[in-house]
Amino acid sequence: MQKIDNYNFAGKKAIVRVDFNVPLDENGKITDDTRIRGALPTLKKILEDGGSLIIMSHMGKPKGKVNPKFSLAQIKDDVAKALGHDVKFAPDCANAEEAAANLKPGEVLLLENLRFYPEEEGKPVGIDKEDPGYEAAKKEMKERQKEFAKKLASYADVYVNDAFGTAHRKHASTAVIADYFSADNKMLGYLMEKEVQAVDNILKDIKRPFTAIMGGSKVSTKIGIIENLMDKVDNLILCGGMTYTFAKAQGGKIGNSIVEDDKLDLALDIIKKAKEKGVNLILGTDCVAADSFSNDAKTMVCPSNDIPDGWEGLDAGPVTRKAFADAIRPSKTILWNGPAGVFEFDNFTAGSRAIAEAIVEATDNGAFSLVGGGDSVACVNKFGLADQVSYVSTGGGALLEAIEGKILPGVAAVQGK
Ligand code: AMP
């Protein structure tokens, strides 16, 4: 397996898949450049070695059509600034052979949004799964995807995948392209290596106690990972909106709180499984309830299973916050995904803050802590604690799938698995 650190890019053209799917404001200005900064170590190593760089990425969901709203031309200057280097732009990623051929060592070419072509995702367009011709259309699109990947591969001597955010997708630029490079000439970038290592720390190299904190709005989107973690963790904290599905499932009164009525049995099943497996399942017992879904709502602290009508639980209460922090502090491995309340409202951040602060304390005492998934990352950023945890993952879906134990196509493709 080739490693980026061992590779000398001098005189080589490297095509690098990055995740520059950065958020833009209505004027096309970047509002958060974390993803660009995340790719810099890989991009700089290639340039410093004396290689030339072809950068490719997707942005947004243009659904296989050219759409200026999602043009990477908007971020070209920011990429140049971050790299400290001129960047040329290829306005059509599938017809960039001339620009790529003319690239001299030390030069950088940014390709236009890969998803302007349906071949990137490889899903047939304009046909429903139920339609009779769907299977044939799918097969045809897979062939077109291979051609598209082959074209991208033809621009370069070496392929680097540094886009963890899309590593769970088998797309032309994230996986299929790797087939057109020899094992020596394809590899993970530094960011991907770090992400894969962080997941390994959580799944393979577990120092105990291991505490997982799963929050967010729904049980349904987290069930895969909850089930997988049940075999590994000592403490499982389930918080945020899913608290009320558990409370209702056990006969509690939850007022207007968020609930998934079709997941009540699932909640009971999780409680049962945790008991069987000896996992210490920690659910909220008290909450900060509000009389409307707004930052300025009237609030009161009440039991999570006895919330008056007209009120809804929007954050963890003080007893719950202490129980969460007490479990987290002595832990040696910690995974946090999903907030403990509606942290976007400043008045409902206490639960998430208590978790973040306990994680920082545990990390200080030698724990390995991984924070991942968009909203928990937003939390640690909001609290200014991002640099005090062991690792903040850039991947949402990819991180969850990796922790569920699934092999990521973007990783498997370059590792020849
Ligand atoms: P998810 O996308 O499932 O990780 O959920 C993240 C969202 O869950 C955030 O936008 C939070 O505001 C929301 N959330 C957390 N706790 C609650 C709650 N008690 N009621 C409603 N939404 C919540």
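Source: prediction; values computed, not measured.

A.B. asks: I'd like a description of the layout of surface pockets, backed by residues and values.
C.D. replies: Estimates place the volume of the largest pocket at around 1,000 Å³. Around the largest pocket sit 37 residues that line it, and Asp19, Arg35, Thr394, Gly395 and Gly396 are the ones nearest its centre. Mapped onto the lining of the largest pocket, the elements with two or more residues apiece are helix 1 (34–49), helix 6 (190–203), helix 12 (374–382) and strand 17 (391–392). Considering every element that reaches the lining of the largest pocket, the biggest residue donor is helix 1, with 5 residues.

A.B. asks: Please provide a residue-by-residue account of a positive patch on the surface, values included.
C.D. replies: On the surface, Lys61, Lys63, Lys65 and Arg169 cluster together into a positively charged patch. Structurally, arginine 169 is set in the loop between strand 5 (158–161) and strand 6 (186–188). Residue arginine 169 is classed as partly exposed on the basis of its relative accessible area, which comes to 38%.

A.B. asks: Now, about the environment of valine 108: what can you tell me, with residues and values included?
C.D. replies: Following the sequence through the fold, valine 108 ends up in strand 4 (residues 108–111). Exposure remark for valine 108: the relative accessible area of 1% places this residue in the buried category. Each C-alpha atom, one on valine 108 and one on glycine 351, is 45 Å from the other, the two residues being 243 residues apart in sequence. Setting aside chain neighbours within four positions, we find valine 108 in contact with Leu47, Leu53, Ile55, Leu83, His85, Asp86, Val87, Lys88 and Leu103.

A.B. asks: Lay out the sheet that holds strand 14 (residues 312–316) in plain terms, naming residues and giving numbers.
C.D. replies: Sheets are built from strands paired through backbone hydrogen bonds, the pairs being either parallel or antiparallel. The strand order 12-11-14 describes an open sheet built from 3 strands, whose pairing is antiparallel. The open sheet has two free edges, formed respectively by strand 12 (299–303) and strand 14, since each of these has just one partner strand. Averaged over all pairs of adjacent strands, the angle between their axes in this sheet comes to 45°, without regard to strand direction. With 5 bridges joining them, strand 11 (residues 286–290) and strand 12 adopt antiparallel strand pairing. Among the inter-strand pairings, aspartate 286 is bridged to a residue of strand 12, identified as proline 303.

A.B. asks: Talk me through the packing of helix 10 (residues 318–328) against helix 11 (residues 350–364); I want residue IDs and the actual numbers.
C.D. replies: It is at 9 Å that the axes of helix 10 and helix 11 come closest, and there the two elements cross at 20°. By the criterion of interaxial angle, the relationship of helix 10 to helix 11 is roughly parallel. In the packing of helix 10 onto helix 11, the handedness of the crossing is right-handed. Note on element contacts: helix 11 touches helix 10 through Ala350, Gly351, Ala354, Ile355, Ala358, Ile359 and Ala362, opposite Arg321, Phe324, Ala325 and Ile328. Looking at the contact of helix 10 with helix 11 residue by residue, the class counts come to 9 nonpolar, 1 polar and 1 charged.

About the criteria used
- Residues numbered from 1 in each chain as written.
- Predicted model: local features only at pLDDT ≥ 70, side-chain atom pairs only at ≥ 80, totals over all residues.
- Heavy atoms only, no water.
- 1 Å grid on protein atoms, 1.4 Å probe; cavity = no way out; pocket = protein on both sides within 12 Å on 5 of 7 lines; lining within 4 Å.
- Points joined across faces, edges and corners; volume = space filled by probe spheres on them.
- Helix = DSSP H or I, 4+ residues; strand = E, 2+ residues; numbered from the N terminus.
- Patch = residues over 30% accessible without salt bridge, like charges linked within 9 Å, V, L, I, M, F, W, Y side chains within 5 Å.
- Areas by Shrake-Rupley, 256 points an atom, 1.4 Å probe, with all protein chains shown as cover.
- Salt bridge = Lys/Arg side-chain N within 4 Å of Asp/Glu carboxyl O.
- Lys, Arg positive; Asp, Glu negative; His and termini not counted.
- Charge placed at Lys NZ, Arg CZ, Asp CG, Glu CD.
- Buried < 20%, exposed > 50% of the residue type's maximum accessible area, 1.4 Å probe, protein only.
- Contact = heavy atoms within 4.5 Å.
- Pairing = 2+ DSSP bridges.
- Axes fitted to C-alpha atoms, helices over the stretch in contact; angles between N-to-C directions.
- Parallel < 35°, antiparallel > 145°, perpendicular 65-115°, else oblique.
- Left-handed = near helix turned anticlockwise from the far one by under 90°.
- Nonpolar A, V, L, I, M, F, W, Y, C, P; charged D, E, K, R; others polar.

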